[in-house]
Amino acid sequence: MAGPYAPTGFRAEITPGTAGFPGLQDLHNNFREWYSWAVVASIAGAAGLYCHVPVIDGNKTDVRLETVSMWNGKQRSVRLQLKATSNIGTASEHGIDYVTKSFERDYYDGMQEPAPIPLFLVLIALPPLTAPWTRVRQGIHALHAAAWWGRVTEPSNGLANQTVRIPASQRLDLAGLQTMLMQA
């Protein structure tokens, strides 16, 4: 073994519900939620932000991110509502690509309620439940997901379901986190 890494050639994959623990087969939505926390926390942690997962998922806040100290003149904090799925929709309009997700109108409207800390929606695309979500190699631990962020600002149109469109260029990465925090 060279250094802190596993032996050369080490490989492992983790697929939800097949880890060997009893009772996991009926927790598909839990897997998505738990994994979405890990995806966001890994990006935020690498960016040097505090990442808080509230004990109670209220006020459409799954995660709260904040700067460790003053950044661009003030301490900043944002709230994130996470939606993880293996079925992210796509659309294209006027040469702009979007990722899309449909929500019930009450849920959609709830993401627009006024609050002192801005709320952002993060759409997280995951592999299907039958495919590996995590791969471990000699010196790499990879989470298989893609994430985009946006704000729900358009009023609902009166229909039972509302579709959110986020530009595909708004990836959840360092630049995206900085843009969100500038709005705080």
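Since this is a predicted model, take the numbers as computed values, not measurements. (Residues numbered from 1 in each chain as written. Predicted model: local features only at pLDDT ≥ 70, side-chain atom pairs only at ≥ 80, totals over all residues. Heavy atoms only, no water.)

Draft legend 1. The arrangement of the side chain of Ser36 in detail. For Ser36, the location among the structural elements is in helix 1 (residues 28-47). What makes Ser36 buried here is its relative accessible area of 2%. Reaching out from Ser36, the side chain makes a polar contact with the backbone oxygen of Glu33 at a distance of 2.7 Å. Setting aside anything within four residues of it in sequence, one finds Ser36 in contact with Leu82, Ala84 and Ile124. (Helix = DSSP H or I, 4+ residues; strand = E, 2+ residues; numbered from the N terminus. Buried < 20%, exposed > 50% of the residue type's maximum accessible area, 1.4 Å probe, protein only. Polar contact = N/O pair within 3.5 Å; in protein donor to acceptor, adjacent residues only side chain to side chain. Contact = heavy atoms within 4.5 Å.)

Draft legend 2. Summary view of the pattern of salt bridges. Enumeration over the complete set of coordinates arrives at four salt bridges. Residue Arg64 pairs with Glu66 through a salt bridge whose shortest N-O separation is 2.3 Å. Through salt bridges that share partners, Glu13, Arg135 and Arg137 make up one connected network. (Salt bridge = Lys/Arg side-chain N within 4 Å of Asp/Glu carboxyl O.)

Draft legend 3. Spatial organisation of helix 1. Compared with an ideal rise of 1.5 Å per residue, which puts 20 residues at 28 Å, helix 1 spans 29 Å between its outermost C-alpha atoms and is within 8% of the ideal. Along helix 1, the residues classified as buried are Phe31, Arg32, Tyr35, Ser36, Val39, Val40 and Ala44. Taken from the residues just after helix 1, Gly48 is the one with a positive phi, measuring 85°. (Expected span 1.5 Å × (residues − 1).)

Draft legend 4. Local environment of the nonpolar core. Val40, Leu65, Val78, Leu80, Val122, Ile124 and Met180 are the most contacted members of the largest nonpolar core, which has 25 residues in total. Secondary structure elements with two or more residues in this core: helix 1, strand 3 (63-67), strand 4 (77-85), strand 7 (119-125), strand 10 (146-150) and helix 3 (174-182). At five residues, helix 1 tops the list of elements feeding residues into this core. Aside from chain neighbours lying at most four places away, what touches Val122 is Leu80, Gln81, Leu82, Lys83, Ala147, Trp148, Trp149 and Leu172. (Core = buried A, V, L, I, M, F, W, Y, C linked by side-chain atoms within 4.5 Å.)

Draft legend 5. Layout of the packing of aromatic side chains. Under the counting rule described, the total for this entry stands at four aromatic pairs. Here Phe31 and Trp34 contribute two aromatic rings whose centre-to-centre distance is 6.0 Å and whose plane-to-plane angle is 90°, an arrangement assigned as edge-to-face. Here Trp34 and Phe31 lie together in helix 1, a separation of three residues that amounts to about one turn. For Phe31, a relative accessible area of 12% gives the class buried. Sitting over the face of the ring of Tyr98, Arg165 holds its NZ or CZ atom 4.1 Å from the ring centroid. (Phe/Tyr/Trp six-rings, centres within 6.5 Å; stacked < 30°, edge-to-face > 60°. Lys NZ or Arg CZ within 6 Å of the ring centre and 35° of its normal.)

Draft legend 6. Layout of the environment of Ile96. Among the structural elements, Ile96 can be located in strand 6 (residues 96-104). Residues Ile96 and Ala6, spaced 90 residues apart in sequence, show a C-alpha to C-alpha distance of 43 Å.

Draft legend 7. Examining the sheet that holds strand 10 more closely. A sheet is described by the order of its strands in space; here five strands give the open sequence 2-3-4-7-10, paired in mixed fashion. Here the strands that pair on one side only, and so sit at the sheet edges, are strand 2 (49-52) and strand 10. Looking at each pair of strands side by side, their axes are set apart by 30° on average, direction ignored. In this structure, strand 2 lies alongside strand 3, joined through four bridges in antiparallel fashion. Bridging across to strand 3, Cys51 finds its partner in Leu65. Of the strands in this sheet, strand 2, strand 3, strand 4 and strand 7 touch helix 1, which is tilted by about 140° from strand 4. (Pairing = 2+ DSSP bridges. Axes fitted to C-alpha atoms, helices over the stretch in contact; angles between N-to-C directions.)

These figures capture arrangement, not role.
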